[in-house]
Amino acid sequence: VDGLEKHGISPADLFSNCLVCTEAGGDFFGEIAKIKSARVIFHQLATLYGVSMEPELVEIFVGTSNWTKSTWDVNTNLL
C-alpha cells in the first residue's frame, strides 16, 4: 500500500478495487472460519490505512484447492 501510494494510488482506490482470493478444502466449518477471518483481517487493514468500508463489501473469491482434486474421480468436487 505504501509503495503504491508513492505512485499516486490512494489507499481508498486500492482497497475498493481489491479482490481477496483463497482456496477451500473439504473441512466445511474450518473453511468458513478461514474465509470470515480473511474478511475481518482485510477490513482491519483498510481501517489502519484510514479507509472506511464495511466488512460486507470485501470481495472474496474462493476456489477449490488443488489437493482435493482426483484424476480418478472427475465428479469429486461437484458440490
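One can find the structure itself at the top, above this paragraph.
Let me begin by describing the structure that accompanies this report. (Residues numbered from 1 in each chain as written. Predicted model: local features only at pLDDT ≥ 70, side-chain atom pairs only at ≥ 80, totals over all residues. Heavy atoms only, no water.)

**A short note on the pairing of strand E2 (residues 60–64)**
Definition in use: The criterion for strand pairing is that DSSP finds at least two bridges linking the strands in question. By definition, any uninterrupted DSSP run of H or I lasting at least four residues is a helix, any uninterrupted run of E lasting at least two residues is a strand, and each is numbered from the N terminus. Clockwise travel from the first strand over the helix to the second, with the strands pointing away from the viewer, marks a crossover as right-handed.
As defined by bridge partners, strand E1 (residues 20–24) adjoins E2 across five bridges and the pair is classed as parallel. Along E2, the bridge assignment pairs Ala24 with Thr64. Taken together, E1, helix H3 (residues 28–48) and E2 form a β-α-β motif whose crossover is right-handed.

**Structural notes on H3**
Where we set the bar: The length a helix should cover is 1.5 Å for every residue beyond the first. Residue exposure (1.4 Å probe, protein chains only): buried if accessible area is under 20% of the type maximum, exposed if over 50%, otherwise partly exposed. Each direction from the helix axis to a C-beta atom contributes to the arc, which is the arc of those directions. By the convention used here, residues are in contact when the closest approach between their heavy atoms is within 4.5 Å.
Here H3 contains 21 residues, and its C-alpha end-to-end distance of 31 Å stays within 8% of the 30 Å for a straight helix at 1.5 Å per residue. Considered for burial, the residues of H3 that qualify are Glu31, Phe42, His43 and Ala46. Projected down its long axis, H3 shows its buried positions confined to an angular sector of 115 degrees, all on one face. Turned more than 90 degrees off the buried face of H3, the exposed positions are Phe29, Lys36, Ile41 and Leu48. Its buried side turned inward, H3 meets helix H2 (11–16) and E1. Backbone geometry just after H3 places Gly50 at a positive phi near 80 degrees.

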